[in-house]
Amino acid sequence: MADSGERDFFISYTGVNRPWAEWIAIQLEQAGYSTVLQAWDFRPGSDFLHQMQQATTTAGRTIAVLSLAYFPESVGSRITPRPGSPTAITWPGTRRGSPTYG
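Throughout what follows, the structure given in this document is the object of discussion. Note that the structure is a prediction, hence the values are computed from the model and not measured.

1. A closer look at the environment of T58
Thought 1: Along the polypeptide, T58 turns up in helix α3 (residues 48-58).
Thought 2: Classification of T58 by relative accessible area gives buried; the value is 17%.
Thought 3: Taking the C-alpha atoms as reference points, T58 and F10, separated by 48 residues in sequence, lie 8.5 Å from one another.
Thought 4: Only 2.8 Å separates the side chain of T58 from the backbone oxygen of Q54, close enough to count as a polar contact.

Okay, structure coming up:
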C-alpha cells in the first residue's frame, strides 16, 4: 500500500469483480471514507500476501465483493444463487452486471 495509515474500509475482490470493487470504493470515498483497494494501493512486485495481511489488519472494516468467481471452484460449484438474493440486485443507474461510474 502507498502508506501504512489506518483506513476505514478494505475492499476484497477477485479480478473479474474489479469494476464493482472500484465503484464501491468511489462511492465510499465520495462519502468521506478512506479505502484500501488492491488495484489502487498494492505496489506491483510487492509481497501480495503481506499486502493483504496489512490491509486486513489496518482497515476498520472489510467489504467482500462476492460472486461465484470469488470462491475456489470446489466451493463455487456448490453455490446456487436464490432468486432475490444480492446477486440478483440491479443498482439504480446500472445495467445488470455493469456498474456505472459517476
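2. Observations regarding the packing of aromatic side chains
Aromatic ring pairs: the centre-centre distance and the angle between the two ring planes describe each pair.
Thought 1: Using the criterion set out here, one finds two aromatic pairs in the structure.
Thought 2: Each ring, one from F9 and one from Y33, has its centre 5.4 Å from the other, and the planes form 80 degrees; the classification is edge-to-face. Linking F9 in strand β1 (residues 7-12) with Y33 in the loop between α1 (18-30) and β2 (35-37), this pair joins segments that are 24 residues apart in sequence.
Thought 3: Where W20 meets W23, the ring centres are 6.1 Å apart and the plane angle is 80 degrees; that geometry is what we call edge-to-face.

Basis of the calculations
Residues numbered from 1 in each chain as written. Predicted model: local features only at pLDDT ≥ 70, side-chain atom pairs only at ≥ 80, totals over all residues. Heavy atoms only, no water. Helix = DSSP H or I, 4+ residues; strand = E, 2+ residues; numbered from the N terminus. Buried < 20%, exposed > 50% of the residue type's maximum accessible area, 1.4 Å probe, protein only. Polar contact = N/O pair within 3.5 Å; in protein donor to acceptor, adjacent residues only side chain to side chain. Phe/Tyr/Trp six-rings, centres within 6.5 Å; stacked < 30°, edge-to-face > 60°.

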